[in-house]
Amino acid sequence: MEEQALVALLVISSLIVLAENTDHKNAIEIYSLHVESTVTSRFAHTVITSRLVNKVNESQEAVFEVELPKTAFITNFSMSIDGETYPGTIKEKASAQEQYDIAVSHGQSAGLVKTTGRKLEQFHVSVNVASDSKVTFELIYEELLKRQLGRYELLFKVRPKQLVKHFQIDVHIFEPQGINFLETDSTFMTNELTEALTKVQNETKAHILFKPTIVQQKKSPELEETLLDGDFIIRYDVKRSVSAGDIQIVNGYFVHYFAPSEMPTFPKNVIFVVDQSGSMSGRKIEQTRDALLKILEDLRPEDHFSLITFNSLVTEWKNTLLQATGQNVESAKRYVKTVMARGGTDINNALLTAANTLDKANYAEILQAHSISMIILLTDGQPTVGVQDVEIIQQNIQKAIKGKYVLYCLGFGFDVSYKFLEKMALDNGGIARRIYEDSDSDLQLQSFYQEVATPILKDIEIQYAENSILELTQNSFKLFFDGSEIVVAGRIDNELDVLPVEIQAQSHTSNLIFKEEANVREKEKVFQHQKYIFGNFIERLWAYLTIQQLLEKSISAQEEQQKNLQVARALELSMKYSFVTPLTSMVVTKPDDQQKLQLANKPAESDNEKSKFTGFSVTDGGLHAYPVSILTNYIQRVPKTGQRAILLDVTEQSPDTNEYPHFLFQLPRQNDVICLNIDGQPQAYINLISDPAKGISVTGKLGRNRNHFVLFEITNLDPHVQLHVSKEGTVLSYGGHTTKLPWKKSASSTIQGLKIAVEKERSLTMSASDNITIKIAFVKSPNRFLGLYFMDTDHFSDKASGLLGQFYFDTHLESNPGASQGEDERVLSVHGQKHRVTRKYKKDYRLESATGTISCWSLHITR
């Protein structure tokens, strides 16, 4: 019997289940989908269970995908088919990779985990399901909820894609300190679904149950479509008093939470160091300006601040720090509005200038004696001017700062090296954060600033009973910000009856000492006979925290031996407590073939960055070019296939990257980028996109050789504006009048909130609030052509049509069971129609690209 490929996809809590096939709609039925999460003293243990049945008389492939928080560690996975269980096995990463590479050489493998967004990672596994058979998937992960801006957050992404008979999210929370507030939020909730949500809360416990019936899940009585599509969020905080915090003890391990509040805020001395290089042009620099304007308004009158912008040159707003008076803030805002993007990227000189400015201000006694000094760097690319060796830059900045100031590094997009920024921040007492390119990038920047805007303690030292605490996590902290929380954990000597703690810290007004004594036996009684408890949770919390801190310390370790010891200890704990961390992997053996493996690795934040370096492989088949990371794995497998290969580490581009695609676009609410080429008639207009709900339409014309587009017509209905964009320039038509905007000079016009801007010999942008931004790049090399792309594409409606419009709803990537050996292939489903796509590296005409190349899924359409 011919085998049909069908995807069953599940996301909740970060979990999806999707089942659809053009021949057998919902042939695989998800009849039960449960998410059970137990949160005990901030440590969350989540179990996702999905039960499916194949209802047709032929085998189907089920693909199980779960989105889980990036901060979580997977601890267990299993799948059961007709009563037989196939568990995942956690192994040391190198050992698992070797086993996986052998499977790859036989074409029998797939990666299991990838980053899917700002907060989530995607777990992926597939299995063949025989006719009338049932399969149960179970995934378990754990995480320590982090307090930010005065609250903890538990996120569940709900997207079943079909009606589920037994669906529920069941959350139990137990906080011995007491629950101060509790709220739920959702992006898909209706009045009918609200009736399926129950919350029960007392002093220390809460139970949240979301259990909609089939009828409540329906979009309408006539349609078999589900309303469940979006985020389900639980937020809460605990009660606190001004003391040494709260200590909890279970089975010889303790956790100590410390989060004082209602204390005076330290004045800040902050220098914003902002990248204004050419790669920041367009939407990124606009959002950066918007965010800075808001952040400047949030400065306190007692703060001091300055601004440094940089590209190939470093420019200071002022050569010193000024107090954040109304007059100075308004002056800074006027300066921010003039910042334009152009030129290269001199990160080294910009940061040295910032450190020197703080040094001079301290020497001149401009700054308050009891204040906090920090540098906030925002950049979107690699250093291209001045010192470009990232290790030398890191050394230079550490020598300049000398522990006197804190450095925070914000990386805008995926062209920047996150590893470079992360190490530089950790070396100087700060953290790094990715800012995702999206319609709310300015809000991301503001949110980060809010986290560090209110320092209330510094130089915090937490001491416990001497010689009675073993394997203590970090207990010394440079700064504490209002709304956050310090967490320390450790193992207690068995003979200890009383655990004393002393905290020394400095506030803005005085030196503080907090003291507390915790009765070990009394504390242990709190967690006895509680149904909210999952085993030795404090011991697992301690291991989770220790692993994270060891990995962080290894990044900034000065000595190789020290780094190796930290990594070795983190690996030992990862294996002991069965955590999938950056040092371990989970191997899943597929039941239909005992040699067919899937591998779950923990993605790093830097894994999504664009590959810049390529190499060549020389085999019996000829010369081929690939990114070095891909080629290295390939060469490791070469002896198994009997081929010969040589790796030449060079920085040339692969043959694919010599080509620009006709179009580049990102799938909505997904990280995947499509490179589209079409076979069309030259000099004939093609309907690219028409969205009547948004009042936008775009047509385009191919050049004579059909290599590129040479003309676009853009129509906006409200206000009624037409743009005729060619290689010569733009003609703007409005109200019976026409205006010519040549490429030779920059110009802009705003018509009833619709902004049209030409950047000299670079781009045209049409944008409006709460609508799609249309950009056209003017590419001059090797032959002049126009490159069209869109930003803020979540604003497209489901009425969008046309060659490009069809991709902006009901479109997703699926695995391709029939992929050729060694090929990275997927299936792109567009309104149920399937297209085979292959991973390629292409030239990137978008102005926001710093490297000029992109990894994308290549699709060719014949019209």
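Here, the structure is the one placed above.
Reading the values: the criteria
- Residues numbered from 1 in each chain as written.
- Predicted model: local features only at pLDDT ≥ 70, side-chain atom pairs only at ≥ 80, totals over all residues.
- Heavy atoms only, no water.
- Pairing = 2+ DSSP bridges.
- Helix = DSSP H or I, 4+ residues; strand = E, 2+ residues; numbered from the N terminus.
- Axes fitted to C-alpha atoms, helices over the stretch in contact; angles between N-to-C directions.
- 1 Å grid on protein atoms, 1.4 Å probe; cavity = no way out; pocket = protein on both sides within 12 Å on 5 of 7 lines; lining within 4 Å.
- Points joined across faces, edges and corners; volume = space filled by probe spheres on them.
- Core = buried A, V, L, I, M, F, W, Y, C linked by side-chain atoms within 4.5 Å.
- Buried < 20%, exposed > 50% of the residue type's maximum accessible area, 1.4 Å probe, protein only.
- Contact = heavy atoms within 4.5 Å.
- Salt bridge = Lys/Arg side-chain N within 4 Å of Asp/Glu carboxyl O.
- Disulfide = S-S within 2.5 Å.

Enquirer: So what exactly am I meant to see when it comes to the sheet that holds strand β51 (residues 825-830) here?
Expert: Within a sheet, neighbouring strands are paired by backbone hydrogen bonds and run either parallel or antiparallel to one another. Pairing is mixed across the open sheet formed by 6 strands, whose spatial order is β37-β38-β53-β52-β51-β50. Each end of this open sheet is capped by a strand with a single partner; those strands are β37 (663-666) and β50 (811-815). The sheet shows a mean angle of 40 degrees between the axes of neighbouring strands, taken without regard to direction. Direction of pairing for β50 relative to β51: antiparallel, over a ladder of 5 bridges. Along β51, the bridge assignment pairs T811 with V830.

Enquirer: Would you explain empty space enclosed by the protein in this entry?
Expert: Summary: where empty space remains is shown by rolling a probe the size of a single water molecule over the atoms. One pass over the full model with this rule turns up 2 cavities of 30 Å³ or more. Within this model, the largest cavity holds a volume of roughly 120 Å³. Around the largest cavity sit F272, V274, T288, L292, I295, I376, L378, L410, L445, F448 and Y449, which together line it. Secondary structure elements with two or more residues in the lining of the largest cavity: β19 (268-275), α4 (283-298), β23 (372-379) and α9 (441-452).

Enquirer: Sorry if this is basic, but what is going on with the sheet that holds strand β30 (residues 498-506) here?
Expert: With respect to topology, 4 strands assemble into an open sheet ordered β28-β26-β30-β31, the strand pairing being antiparallel. Only two strands of the sheet have a single neighbouring strand rather than two, namely β28 (476-481) and β31 (511-519). In this sheet, neighbouring strand axes are inclined to one another by 25 degrees on average, regardless of whether the strands run parallel or antiparallel. Note: strand β26 (residues 455-464) against β30, 5 bridges, orientation antiparallel. Opposite Y464, over in β30, you have V501 as the bridge partner.

Enquirer: What should I look at first to understand the nonpolar core in this one?
Expert: Grouped burial of nonpolar side chains is what soluble globular proteins tend to show. Counting 59 residues, the largest nonpolar core has F663, L676, L688, V698, I756, L788 and F790 as its most contacted members. Here this core gets 6 residues from one element, more than from any other, and that element is strand β49 (residues 785-791). In contact with I756, not counting residues within four places along its chain, are V721, L723, L732, L741, A747, S748, S749, I751, L764, T765 and M766. In this structure, I30, V35, I81 and V164 belong to the second largest nonpolar core, which totals 55 residues.

Enquirer: Would you mind going over the environment of A570 with me for this structure?
Expert: You can see A570 is positioned in helix α12 (residues 560-576). Along the primary structure A570 and S554 are separated by 16 residues, whereas in three dimensions their C-alpha atoms are 9.8 Å apart. In contact with A570, not counting residues within four places along its chain, are I547, L550, L551 and L583.

Enquirer: Honestly, the pattern of salt bridges in this entry has me stumped. Any pointers?
Expert: Side-chain pairs of opposite charge can arise whenever the charged atoms involved come near each other. Tallying each qualifying case throughout the model produces 39 salt bridges. The partner of K239 in a salt bridge is E203, with the nearest N and O atoms 2.7 Å apart. Taken together, the residues span a long stretch of sequence, with K239 in the loop between β16 (230-238) and β17 (246-250) and E203 in the loop between β14 (197-201) and β15 (205-210) at a distance of 36 residues. We classify K239 as partly exposed; its relative accessible area is 33%. Of the residues examined, E203 reaches a relative accessible area of 46% and is grouped as partly exposed.

Enquirer: I tried to follow the state of the cysteines on my own but got confused; where do I start?
Expert: Here is the idea: a disulfide is a covalent bond, and it sits between the sulfur atoms of two cysteines. Scanning the entire structure with this criterion turns up 1 disulfide. Through a disulfide, C675 is tied to C856; the S-S separation comes to 1.7 Å. Taking the torsion about the S-S bond as the criterion, the C675 to C856 disulfide, at about -110 degrees, is left-handed. Here C675 is found in strand β38 (residues 673-679), whereas its partner C856 is found in strand β53 (residues 853-862), with 181 residues between them in sequence.

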